Amino acid sequence: MSRTFGLAGLPNAGKSTIFNALTAAGAKVEPYPFSTLQAQKGVAPVPDPRLDRLHALFPEKKKVPTTIEVVDIAGLVEGASRGEGLGNQFLADIRNVEAILHVVRCFEDPDIAHPMGEVDVVRDVEVVETELLLKDLETLEGRRERVSKTARIGEKEAKEELALLERLIESLKQGIPLRAATISPEEKEKLKGIAPLTLKPVLFVANVGDEGENEHSQKVAELARARGAGWVAIRGRLEMELSELPEEERRAFLKEYGLEGLAVERLVREAYRLLSVVTFYTFVGPEVRAWTVPAGTKAPEAGAVIHTDFRDRFVLAEIMKLEDLEHYRSEKALREAGKVVRAGRDYVVQDGDVIHFIVA
Ligand SMILES: Nc1nc2c(ncn2[C@@H]2O[C@H](COP(=O)(O)OP(=O)(O)O)[C@@H](O)[C@H]2O)c(=O)[nH]1
Ligand SMILES: [Mg+2]
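Residues numbered from 1 in each chain as written. Chains lettered and ligands numbered in written order. Predicted model: local features only at pLDDT ≥ 70, side-chain atom pairs only at ≥ 80, totals over all residues. Heavy atoms only, no water.

*Asks:* Can you walk me through the sheet that holds strand β2 (residues 40-45) in this structure?
*Replies:* Sheets are built from strands that pair by backbone hydrogen bonding, the pairs being arranged parallel or antiparallel. Taken together, the six strands give an open sheet; going across it, the order is β2-β4-β1-β5-β6-β7, and neighbouring strands pair in mixed fashion. Where the open sheet ends on each side, the last strands, each with one partner, are β2 and β7 (230-235). Mean inter-strand twist for the sheet, computed between neighbouring axes without regard to direction, equals 25°. In terms of strand pairing, strand β1 (residues 3-8) meets strand β5 (residues 99-105) through four bridges, oriented parallel. Considered in β5, the bridge of Ala8 is made with His102. Strand contacts of helix α8 (residues 236-243): β6 (202-208) and β7, with the helix running at about 65° to β7, the strand carrying the most contacts. (Pairing = 2+ DSSP bridges. Helix = DSSP H or I, 4+ residues; strand = E, 2+ residues; numbered from the N terminus. Axes fitted to C-alpha atoms, helices over the stretch in contact; angles between N-to-C directions. Contact = heavy atoms within 4.5 Å.)

*Asks:* Can you help me understand the site of ligand 1 in this one?
*Replies:* In the region of ligand 1, 15 residues are neighbours, and Asn12, Lys15, Ser16, Thr17 and Asp109 sit closest. Within the backbone of Asn12, a nitrogen or oxygen atom sits 2.7 Å from an oxygen atom of ligand 1. At 3.3 Å from a nitrogen atom of ligand 1 is found a side-chain nitrogen or oxygen belonging to Asn207. Across the complex, the protein chains shield 79% of the 580 Å² of accessible surface that ligand 1 would expose by itself. Secondary structure elements with two or more residues in the shell around ligand 1: α1 (15-23) and β6. At three residues, the largest contribution of residues to the shell around ligand 1 is made by α1. (Near = heavy atom within 4 Å. Polar contact = N/O pair within 3.5 Å; in protein donor to acceptor, adjacent residues only side chain to side chain. Areas by Shrake-Rupley, 256 points an atom, 1.4 Å probe, with all protein chains shown as cover.)

*Asks:* Quick question: what am I supposed to make of the domain arrangement of the chain here?
*Replies:* A common way to express how large an interface is: the accessible area buried when the components associate. We note that the domain assignment places domain 1 (3-141 + 178-199) and domain 2 (277-359) within the chain. For the pair domain 1 and domain 2, the two sides together bury roughly 1700 Å², of which 59% comes from carbon and sulfur. When the buried area of domain 1 at its contact with domain 2 is split by residue, Arg50, Leu54 and Leu57 rank highest and sum to 34% of it. Counting every contact that joins domain 1 to domain 2 gives three salt bridges. Note that Arg50 and Asp351 form a salt bridge whose closest N and O atoms lie 3.2 Å from each other. (Domains from an automatic or database assignment. Buried area = accessible area lost by both parts, 1.4 Å probe. Salt bridge = Lys/Arg side-chain N within 4 Å of Asp/Glu carboxyl O.)

*Asks:* What's the story with the pattern of salt bridges in this structure? I'm lost.
*Replies:* When their charged atoms lie close together, side chains carrying opposite charge are able to pair. Applying the stated criterion across every chain yields a total of 26 salt bridges. A salt bridge links Lys41 to Glu69; the shortest N-O distance between them is 3.1 Å. Placement of Lys41 in strand β2 and of Glu69 in strand β4 (residues 67-72) is noted, with a sequence separation of 28 residues between them. With respect to class, Lys41 is no different from Glu69; both count as buried. Of the charged contacts, one joins Lys192 and Glu189 as a salt bridge, the two residues approaching to 3.7 Å between their closest N and O atoms. We classify Lys192 as exposed; its relative accessible area is 58%. Sharing partners across several salt bridges, the network here consists of Arg53, Glu323 and Glu326. (Buried < 20%, exposed > 50% of the residue type's maximum accessible area, 1.4 Å probe, protein only.)

*Asks:* Even after reading the chapter, I still don't get the packing of α1 against α8, so can you show me in this structure?
*Replies:* Two numbers describe a pair of packed helices, the interaxial angle and the distance between the axes. Following both chains from N to C, one finds α1 and α8 inclined at 30°, their axes separated by 8 Å at the closest point. As the angle between them shows, α1 and α8 are arranged roughly parallel. Note on packing geometry: the crossing formed by α1 with α8 is left-handed. Contacts between α1 and α8 involve Thr17, Ile18, Asn20 and Ala21 from the first element and Gly236, Arg237, Glu239, Met240 and Ser243 from the second. Among the residues forming the contact of α1 with α8, the class breakdown is three nonpolar, four polar and two charged. (Parallel < 35°, antiparallel > 145°, perpendicular 65-115°, else oblique. Left-handed = near helix turned anticlockwise from the far one by under 90°. Nonpolar A, V, L, I, M, F, W, Y, C, P; charged D, E, K, R; others polar.)

*Asks:* Help me understand the packing of aromatic side chains in this model?
*Replies:* Centre distance and the angle of the planes are the two values used to describe a pair of aromatic rings. The final tally for this structure, using the stated rule, is five aromatic pairs. Look at Phe58 and Phe283: their rings are 4.5 Å apart centre to centre, the planes differ by 20°, and that puts the pair in the stacked class. Here Phe58, found in the loop between α2 (49-57) and β3 (62-64), pairs with Phe283, found in the loop between β8 (277-282) and β9 (287-294); they are 225 residues apart in sequence, far enough to count as distant. Between Phe280 and Phe357, the aromatic rings sit 6.0 Å apart at their centres with planes inclined by 75°, giving edge-to-face as the arrangement. Of this pair, Phe280 sits in strand β8 while Phe357 sits in strand β12 (residues 354-359); the two residues are 77 residues apart in sequence, bridging distant segments of the chain. Phe357 shares its class with Phe280; the two are buried. Aromatic rings pair up to connect Phe280, Trp291, Phe310, Phe314 and Phe357 into one cluster. Of note, Lys61 hangs over the ring of Phe58, and the distance from its end group to the ring centre comes to 5.2 Å. (Phe/Tyr/Trp six-rings, centres within 6.5 Å; stacked < 30°, edge-to-face > 60°. Lys NZ or Arg CZ within 6 Å of the ring centre and 35° of its normal.)

*Asks:* Please explain unusual backbone geometry as it appears in this structure.
*Replies:* Most peptide bonds adopt trans geometry, and most residues besides glycine take a negative phi value. One non-glycine residue with positive phi stands out, namely Ala195, at about 40°. Considering the arrangement of structural elements, one finds Ala195 in the loop between α6 (185-191) and β6. Positive phi values are uncommon outside glycine, yet Arg329 reaches one of about 70°. As for its placement among the helices and strands, Arg329 is situated in the loop between α13 (322-328) and α14 (331-336).

The following block contains the structure:
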């Protein structure tokens, strides 16, 4: 199960460039079925040092990383919330992702038009944020109108929701995105149906030119900090070119420049961190594989990610630690040392667990 991220930002910020860099190694998947203008969708493998370590113990097996799905969303312009440009398309695409990668143009290039004439990081970010806020305001006000009818009849749940909506509409009007408002988990549940845009977590992506970080990306860092959000700098164009090279050549290039890896790999890791997920590992059969589940998932549900019928056929889960496997080198030795923990239906899967599912 992939997690979905949407690349959002002004036109010519570098979204498609970064999309290509991210997905060069991954297979393209089907475009959105509901979209006429078809947002590009692609898959990016998640680089994972723990998976590499596990794979090193079973080099004969195939390594299968977990993946994220990335959506290259149509560029947003001022007025998108009122349907300007591809506004409605943009907003429909973004409603369907779990988290937003907000691409901010941090390179100067007279040959590449900027929708507002020139790069101004603070303004550029605000244009995008404002459109998302306005769209949420519209959505919540629409919802309020519907709920207020049921609330008038005196239905308790409707009254509660109405109070929540009133409060959030107030905060949106003050320019506060919903992710910065105080919302309890139960309230969040109530909002699920309308999937507000400003509730989604955001990672800022400063698309710097070939020269690297600059005064523009410094501003991205500052505004990310002010929002309690993360950010990464990416040399979009360079990364795209590198990601398209054959692996050998790419490695030689990275080595020559003393780089550890592509910056998009860091981008994926940071993006992954936005979501409250845990990764577990399996090595049964021909694959060494990483899997993703929401934090708090119990063993049978985790098994169902591998095979839906594991949920019902679940008997127990054998839990191993990567460090122990590395120390004892084999599963057999691990068993003999009593380092395999047997866990039942209520076991909550922990990040980093190596698991064997025993099913009926
Ligand atoms: N000079 C320069 N141009 C870039 C860089 N990244 C992207 N571009 C160019 O900017 C233009 C717009 O990029 P694109 O990815 O299509 O932007 P999008 O509209 O946000 O999808 C393209 O011509 C890219 O080649 C960069 O780091 N430096
Ligand atoms: Mg584009």
